[in-house]
Structures are given as structure tokens and as C-alpha cells.
Amino acid sequence: MTGSDDAPARFGFSPTLRAASIEAAKAGAVMFGLAFPILAYRTDQNFSNELFLRSRWPAVLAAALAAFVVRFIVVALPRRPARAPAKAEAPPRSHAIAARFAGSAGIAALIIFPIVMLAIFGPAGAQKWIDNFGVQILLYVLLGWGLNIVVGLAGLLDLGYVAFYAVGAYAYALLSTTWGWSFWVCLPIAGALAALWGVALGLPVLRLRGDYLAIVTLAFGEIIRIVLTNWTALTNGDAGISSIPRITFFGWPFAPGPHGFAALFGLKYAPVHRLIFLFYLVLAMALLVNFLTLRLRRLPIGRAFEALREDEIACRSLGIDTVATKLTAFALGATIAGMAGALFAARQNFVSPTSFTFMESATILALVVLGGSGSQLGVALAAIGIIGGSELLRELDGLKAIFGDAFDPTQYRMLIVGIAMVAMMNWKPRGLIAIRKPSIFLIKPKPVVGALAQEGHG
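What comes next concerns the included structure. None of the values given here were measured: they were computed from a predicted structure. (Residues numbered from 1 in each chain as written. Predicted model: local features only at pLDDT ≥ 70, side-chain atom pairs only at ≥ 80, totals over all residues. Heavy atoms only, no water.)

Moving on, we get to the pairing of strand S2 (residues 51-55). Pairing geometry for strand S1 (residues 41-45) and S2, over five bridges, is antiparallel. The residue bridging Gln45 from the neighbouring strand is Leu51, located in S2. Hairpin remark: S1 followed by S2, antiparallel, with five residues in the connecting loop; positive phi at Asn49, about 60°. (Pairing = 2+ DSSP bridges. Helix = DSSP H or I, 4+ residues; strand = E, 2+ residues; numbered from the N terminus.)

Below, the discussion takes up unusual backbone geometry. For Phe250, which is not a glycine, the phi torsion comes out positive at approximately 55°. Residue position: Phe250 is located in the loop between strand S3 (248-249) and strand S4 (252-253). What makes Phe250 exposed here is its relative accessible area of 54%. Although it is not a glycine, Asn349 adopts a positive phi angle of roughly 60°. (Buried < 20%, exposed > 50% of the residue type's maximum accessible area, 1.4 Å probe, protein only.)

This part covers the packing of helix H5 (residues 162-178) against helix H13 (residues 322-348). Each pair of packed helices gets described by two things: the angle between the helix axes and the distance between those axes. Two elements in contact, H5 and H13, have axes whose closest approach is 6 Å; the angle formed by their N-to-C orientations is 45°. Taken together, the axes of H5 and H13 are oblique relative to one another. Handedness of the H5/H13 crossing: right-handed. Contacts from Phe164, Tyr165, Gly168, Ala169 and Tyr172 in H5 reach Ala334, Ala337, Gly338, Ala340, Gly341, Ala342, Phe344, Ala345 and Ala346 in H13. (Axes fitted to C-alpha atoms, helices over the stretch in contact; angles between N-to-C directions. Parallel < 35°, antiparallel > 145°, perpendicular 65-115°, else oblique. Left-handed = near helix turned anticlockwise from the far one by under 90°. Contact = heavy atoms within 4.5 Å.)

Between its first and last C-alpha, helix H2 (residues 15-39) extends 34 Å over 25 residues, near the 36 Å set by a 1.5 Å rise per residue. Those residues of H2 that sit buried are Ala20, Ala24, Gly28 and Ala35. On its buried face, H2 is in contact with helix H3 (57-76). (Expected span 1.5 Å × (residues − 1).)

Going through the model one piece at a time under the given rule, you end up with seven salt bridges. Arg309 is the salt-bridge partner of Glu310, the closest N and O atoms lying 2.9 Å from each other. Owing to a relative accessible area of 28%, Glu310 belongs among the partly exposed residues under this scheme. Of the charged contacts, one joins Arg316 and Glu312 as a salt bridge, the two residues approaching to 3.0 Å between their closest N and O atoms. Remark: Glu312 and Arg316 occur in helix H12 (residues 312-317); sequence separation between them is four residues, near one turn of the helix. Assessed through its relative accessible area of 47%, Arg316 is described here as partly exposed. Look at Glu312 and you get buried, because its relative accessible area is 11%. Taken together, the shared-partner salt bridges connect Glu312, Arg316 and Lys326 into one network. (Salt bridge = Lys/Arg side-chain N within 4 Å of Asp/Glu carboxyl O.)

The values are spatial; any link to function lies outside them.
Have a look at this one:
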């Protein structure tokens, strides 16, 4: 008990806690250095249009303390011993029954969601919840499942997916405002036009993969946005297109009067009727896309997608037409994005290039990465967490009493997404749902678990 190694024990510190304290202190110092130029001072403007610096040292100290605590917990927690890889056996029958029950329960919860919101908040108060927490989340689920075909199944990294979203939105906006076409006529046209642009993107990138493909698709998304901004004769530039016709119930408008939806069913008119119908429409489209995607994986084209994702050279050696496979993947993903764009335009009744920036593509890709590439359920859960969590930040105005009136919780949305990405890459690099059932098997189903799957395989 006299050696230098016994000093930590003499003062009540174990070697683990000592190492955790040192690592936490380093993390706190690094965070302090990074946060100093960003959080320590803020530039404001007074009534004389003069700039002055406002100090915010408590925010810097809070960030450094948060980094200290998180790093201390990560290092101090006992690590699980490495386990031998488990055998890839089929899950028990109870697991399959539980998964099927969970899916049915989730669909049932979505179906009754608008009814519950109406019962709790009434017709006026339920509009915000049905729109922001219902329609918006389902739109991102639809977009995530469309990108999942391109990234999760075919393995083609697409950073310009928002371009097809924009094509669908502007297709409905222009066709409806210029020629007066209804939403139901424009919806398939928007999907077809987006698919055409998907093929146009796929043709120049047939020989590209990985980082090079990501750069080209990113450039494609920016090209579409710049065209929408500068082609003012067609798109009205940054001013956007307003007064887009609202969605109708197969020709019956959601408006008061004898020819409206409420009069058709003998109901008292309420604006929430349109949002409820839009919610169920987006839900039906999302369920249809999910069903078709699950069926697609069992078809030859779906197995060709998976073969292309695993090894393109081996895919060619098997006689699979990689050109047609890539173009099909881009076209399918673009079709879903285009139809989602038409739904977005019908929901907003206004579109502009600012709604289709790179951050939208990054958010949709984050849903696929966090949820698990190739996992339908994982993408849906990630959309609920990221999009629903972002909307919840708008309800935290009470934090202004702690951090001041200038505090805006919504500004920290991407910071939270970034922290979630870093955490997932460290603890669950394959996403929330790391188990993916193969489309075909030799004797009996054998799901591929994360412990057995190498990076880029499985």
C-alpha cells in the first residue's frame, strides 16, 4: 500500500475512474476551445443599426460541462466482454408473432391517430398535431422508403434525392395553376416526370460508385435547385408558386357550401377535414410503397438490387444487366419522391426552391442511415424520432425562461441529429434495426444479424 500505483485506491479513486476523469477533462477542454468562438460571443444590432458583441460565457461552460459528463460516463461504464459470433439461426416463432403483432398495432395506432387528436384537442387544436406530427412525419417516411430502395437495396449512395422531390412538387404546382388540372391527374404525372429525371441522372453515373457517385448526385440536386431559382419565367424564382389548388375528395372540395365534402356526408364544415383526408391519403401511399418494396425484394429485380449492392463485378459475372438494374433503382426511388413532392405541394399550397436544399437530402439520408440501411421499420422509427423530435422542439418555448428570450430550441435541430449520428456510428453502426431477412434462402429462413455481417455485406 506504499507504491505509487496504490495512490488512487488510497484516495478512493479506482484506475477506471481516474482514467475516466482524465479523458473527461480532455473532452471538456476540447469542447471549451471549440465553443469559445461560436458560443462565447454573439453579434447583435441595436436601434442605431450598430453592431455590438454580447457575451454568453454560461453557454460555453454548459457545453464544456456536458462534454465532460458524457465522456466520463462513456469511459467509466463497464464494457461488455467480447462474445463469440452467434450462429445465424432462424428466430423463434414467438419473435415472428411479436413482430407481426407490433406491425399491426402500429398501423392501428396510425389509423386512430386523427380520431384521438380530435377527441383530445377538438377540431381547431387538432390541426397542428395532425399536420405537423402526422402528415409531415408520414411524408418523410415515404421519402425515406423511396431512398431506401436506392441506398438500402441497390447500394447506390444518392445525395441529391431532394431533386426528384422538387420535380414532383413543381410538376403539380405548374400543372394545377397553369392548366387547372386536378391533384388526382397530376399525382401520377409527377411520379412519371420524377422517374424520367431519375433515369436521366442514372445514365451519366453508370460507371460510378461510392464517393464519386455521391458527389455527382449532390451536384445534380444543386443543379435542379439553381434551375428552379433562376428560371423565373417558369418557376417564379425565389418567390415560388403560390395559390396552388388544395386537394379535393375526388372532385368534392373541402370548403363550406352545398357542393363541399361536409355537405356530401352531412357533416358540419371544419378545416380539419382536409388534413384528416390528407393524412389517410399519405398513410395509404406509404403502406402501398412498403408492401411493394417487400414484394420487390422477392422478385428477380429485387435480388438483382441486392447482388449489385454486395459486389458489382460479381453481379456482372452472373449475367445481370447492371445498367438496367441501376436505372430501375433510380427510377423507382424517384417515382416515390415525385409523388411525395406532389403531396407536399398539396399540403403547403406553396412551393419555392428554399424547400429543396441539400439539408433536405441530408435529412432523408439520415433516416436511412439511422434506421438501418434496407430496413423499412428502422426508417419509419428514425423518421418518428428525427422529424417528430424536431417538431417537439417547437413546443419547448418554456425553456426561454431559463436561457433567455433569444433562445430558440428549433435552431438546435441539426445539432441533435448530428449527435444522434455520432452516437449511432459508435454503438450501432448498422442502424436501429440491424437484422435484415434475406430475400431468398436455401433451406429455411436465416436472418443476417449484425454480429455476422461485415461492413457493406448482409
